[in-house]
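Analysis of the macromolecular model
Single-letter residue listing:
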Amino acid sequence: MNAAFAWLFDPEHWSGPTGIPARILEHLGYTSLSVLFAAAIAVPLGAVIGHTGRGTFLVAGLSNGLRALPELGLLTLLVLLTYVGLLPVVISLVILAVPPILAGTYSGIRNVDRAVVDAAHGMGMRSSTVLLRVELPNALPLVLGGIRAATLQVIATATIAAYVSLGGLGRFVIDGNNAGPGSPDGYPQMAAGAIVVAVLALVVEGALALVERAVVSPGVRDAARAGRSARMRRRPTGDVVENPI
Amino acid sequence: MNIDWPWPWLERNLDDIAEATGEHLFLALLPVLVGLAVSVPLGWAASRWRVARGILVPLAGVLYTIPSLALITLVPLALGTRIIDPLNVQVPLAIYTIALLVRSVSDALAAVPREVTAAATALGYRPVHQFLTVELPLAVPVIVAGLRVAVVSAMSLTAVGALVGIGGLGQLITEGFLRNNGVELVVAIALIVVLALVIDALLLLVGRAVTPWVRAQRGTGASA
């Protein structure tokens, strides 16, 4: 255990292009790129499906089907099919990140109080205006929840990118494993890398929770909270949107 | 990538594939069973005492957030297992299962209607007997829903263990990648997905079979 912390706190491992800060930035770079692309696809798609009620099967089908797909297999297969580089990795991370954002956006729109939507129509708003100015702001907590779940999933899976020769925090785990258990850069390096990934995931989770609090309108937030606890009291369905990562 | 007609490769390697599949199932399913066995008492405690819930549910959330490769790598550090030990994959999978199910079990038990427990008490059921024959069965549909997510996730997460040298179908994925053998890669992925979906369907059927009242209620339009 001491060897892992000695490796982690060795100043030599905190500088340069292969140091921990550089790897954290790479990791966050892959993550934000993939989540941005995924959100650009899934938020509009989820909003339209939720608004029109057409294509609902896509939402449940995608999240159930993709849960069984091993991420390591998807990533290595895409690299073999194309080439070693950023693109296949980002594509496989986007594939992972789309279902939770899609599910969050869809259920966010669906859960908007029908009376509110009817009132908006009654005031003469056009259908697109209702979606953009009424349904989406009200759905924001669940949309952001979906983005948060997707981000954590991508942070976890981006560690595998190191296996197909990219950077990121998985580098330390993979390189440590290749160095062999006896080497000073072996298991201590793996454990140090694992600790940094775990801490990064928890910090990002906390940061996104704060963003959620800052962005969501207080009225919507309180209503969402009241609605959620009322639903919980009535009957839990056991629906789980988030997967272990 | 090299994708030949797959049969010759499959025929030559059938034994290895079968062995990897067996190993995969052992690595993935045992921790889910252990996780289920641990979650029921923990979930019961969380549904009963506010303090227990206040500790267990946030703790489950934190554990659930930790990436699998990190957790797998850290098990030897925490438990002193060898670097290549099936437990390094199984302990994290059990942790994810518990993190997922504690909340489901506790929510499901908390949602058992008051009248039902009161009626059972009035009929003279002792607490343990009442838990096992009245409250737990009523919680089964929600527990099964959580269990299905846990088992499917466990099947696909087990593959990550191959990155640190632990077997199962993940070994075929890394081997296929390193040897540029697309057939091996696709076979491993397909086996994981198909087995996960088959186990998922079996759980759904078992869940329905042990809770006949759910369908009966749905049929008559009554609610719990």
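Calculation notes
- Residues numbered from 1 in each chain as written.
- Chains lettered and ligands numbered in written order.
- Predicted model: local features only at pLDDT ≥ 70, side-chain atom pairs only at ≥ 80, totals over all residues.
- Helix = DSSP H or I, 4+ residues; strand = E, 2+ residues; numbered from the N terminus.
- Buried ≥ 20, exposed ≤ 12 C-beta atoms within 10 Å, placed from the backbone.
- Contact = placed C-beta atoms within 7 Å.
- UniProt positions renumbered as here; feature names shortened; annotations may be inferred.
- Nonpolar A, V, L, I, M, F, W, Y, C, P; charged D, E, K, R; others polar.

**Some words on the overall build of chain B**
- The helix and strand tally for chain B stands at 10 helices and zero strands.
- Secondary structure of chain B in N-to-C order comes out as α-α-α-α-α-α-α-α-α-α.
- Its C-alpha atoms give chain B principal-axis dimensions of about 70 × 45 × 25 Å.
- Sorting the 224 residues of chain B into buried and exposed places 42% on the buried side.
- Across chain B, contacts joining residues at least 24 apart in sequence account for 72% of those joining residues at least 6 apart.

**Considerations on the UniProt feature "transmembrane region" (unreviewed entry) in chain B**
- Mapped onto this numbering, the UniProt entry gives "transmembrane region" (unreviewed entry) at residues 25-44, 56-79, 91-110, 157-178 and 185-206 of chain B.
- Span residues 91-110 of chain B is 100% helix and 0% strand, its end C-alpha atoms 28 Å apart.

**Here we look at the environment of B:Arg53**
Residue and element names in this part refer to chain B.
- Within the fold, Arg 53 resides in helix α3 (residues 50-65).
- The class for Arg 53 is partly exposed, based on 19 C-beta atoms found within 10 Å.
- For the pair Arg 53 and Arg 208, spaced 155 residues apart in sequence, the C-alpha to C-alpha distance is 29 Å.
- Each residue touching Arg 53, except ones within four places of it in the same chain, is listed here: Ala 46 and Ser 106.

**Details of the UniProt feature "transmembrane region" (unreviewed entry) in chain A**
Residues and elements named next belong to chain A.
- Mapped onto this structure's residue numbering, the UniProt feature "transmembrane region" (unreviewed entry) falls at residues 33-52, 72-98, 154-174 and 186-211.
- Annotated as residues 33-52, this span is 100% helix and 0% strand, and its ends, taken at the C-alpha atoms, are 29 Å apart.
- For residues 186-211, the helix share is 96%, the strand share is 0%, and the end-to-end C-alpha distance is 38 Å.

**As for the interface of chain B and chain A**
- Between chain B and chain A, the residue contacts involve 48 residues of the former and 41 residues of the latter.
- When contributions to the side of chain B that touches chain A are tallied by element, the ones reaching two or more residues are α3, α4 (68-79), α5 (87-110), α7 (127-157), α8 (169-178) and α9 (182-210) of chain B.
- The element best represented in the side of chain B that touches chain A is α7(B), accounting for 10 residues.
- Of the residues that constitute the side of chain B that touches chain A, the class distribution is 36 nonpolar, 11 polar and one charged.

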